[in-house]
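# Close look at the chain arrangement
Residues per chain are reported as follows:
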Amino acid sequence: PTGAFASPDVDVVYLYGANNVSFLDNVVAGTSYPAFGKVAVAVLGGSGLVFQGNFVGTDATGNAGSGAPSSQGMVASPGPNEPSNATVGGSAPGQGNVFAANAYYGLWFHTAAAGNVVRGNNFGVGADGTTALGNGQAGLRVGYAATSGITVGGTGAGEGNLDAMALHKPQK
């Protein structure tokens, strides 16, 4: 990644109703912890987002935490607006994102309209595919309201996501 976004106290990237936006090859980290409401990338509404090749929660290598963990990596529609036709990652080399070392979730689709695809990403694992950089809760969370509007992974080459190393321990 070549771009960098960081802020200690606010949502770092906020896409509200944005259509046909490409967000490519950036390092995004550093929102307030444990302020649950602050996220590295917030997506509310809009259609046609392409989010590829980004490191969310890590340093520029993608293999170490940023030192300032984001509360949430990326949240799609934490409110009433539902993003549609978003592509998060991809099957070609360099299109996958790294969502790692975040305090809660790497990527959370709270609600989602039709056509959203999540493929070829690393959750809780560095860009090298082996370095453990767990998110506090889960790498990928698909909310109850998003179950019909999202495709996770696929059967083609490079379409699967790697999700590992969540730090949350189940309650007994």
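Note that the structure is a prediction, hence the values are computed from the model and not measured. (Residues numbered from 1 in each chain as written. Predicted model: local features only at pLDDT ≥ 70, side-chain atom pairs only at ≥ 80, totals over all residues. Heavy atoms only, no water.)

What follows is about the overall build of the protein. A tally of helices and strands in the protein yields 0 helices and 16 strands. A total of 172 residues make up the protein; the buried ones form 47% of that total. Within the protein, contacts between residues at least 6 apart in sequence are counted, and of these 79% link residues at least 24 apart. Carbon and sulfur atoms make up 54% of the accessible area of the protein, which amounts to about 7600 Å² in all. (Helix = DSSP H or I, 4+ residues; strand = E, 2+ residues; numbered from the N terminus. Buried < 20%, exposed > 50% of the residue type's maximum accessible area, 1.4 Å probe, protein only. Contact = heavy atoms within 4.5 Å. Areas by Shrake-Rupley, 256 points an atom, 1.4 Å probe, with all protein chains shown as cover.)

Attention now goes to the sheet that holds strand β15 (residues 150-152). Across the sheet, 5 strands lie side by side as β3-β6-β9-β12-β15; this open sheet has parallel pairing. At either margin of the open sheet sits one strand with a lone partner, and together these are β3 (22-24) and β15. Strand-to-strand twist of the sheet, defined as the mean angle between neighbouring strand axes without regard to direction, takes the value 5°. (Pairing = 2+ DSSP bridges. Axes fitted to C-alpha atoms, helices over the stretch in contact; angles between N-to-C directions.)

Along strand β12 (residues 116-119), the buried face is formed by Asn-116 and Val-118; none of Val-117 and Arg-119, which line the opposite face, is buried. Taken together, the 3 bridges between strand β9 (residues 87-89) and β12 define a ladder with parallel strand orientation. Within the sheet, the bridge partner assigned to Gly-89 lies in β12 and is Arg-119. Where β12 and β15 come together, 3 bridges link them in parallel fashion.

What follows is about the packing of aromatic side chains. For the structure shown, the criterion picks out 4 aromatic pairs. Look at Phe-23 and Phe-51: their rings are 5.3 Å apart centre to centre, the planes differ by 0°, and that puts the pair in the stacked class. Of this pair, Phe-23 sits in strand β3 while Phe-51 sits in strand β6 (residues 50-52), placing them 28 residues apart in sequence. Their ring planes at 10° and their centres at 5.3 Å tell us that Phe-99 and Phe-123 sit as a pair that is stacked. In this pair, Phe-99 sits in strand β10 (residues 98-99) while Phe-123 sits in strand β13 (residues 122-123), placing the two residues 24 residues apart along the sequence. Of the two residues, Phe-99 and Phe-123, both sit in the buried class. Linked through ring pairs, Phe-23, Phe-51, Phe-99 and Phe-123 together constitute an aromatic cluster. (Phe/Tyr/Trp six-rings, centres within 6.5 Å; stacked < 30°, edge-to-face > 60°.)

Moving on: the nonpolar core. Formed by 22 residues in total, the largest nonpolar core has its most connected members in Val-41, Phe-51, Met-74, Val-88, Phe-99 and Leu-107. For this core, the elements supplying multiple residues, two or more each, are β2 (13-16), β5 (39-44), β8 (72-76) and β11 (105-111). Top element by residues in this core is β5. It accounts for 3 residues. Setting aside chain neighbours within four positions, we find Leu-107 in contact with Met-74, Val-88, Phe-99, Val-118, Phe-123, Gly-139, Leu-140 and Arg-141. (Core = buried A, V, L, I, M, F, W, Y, C linked by side-chain atoms within 4.5 Å.)

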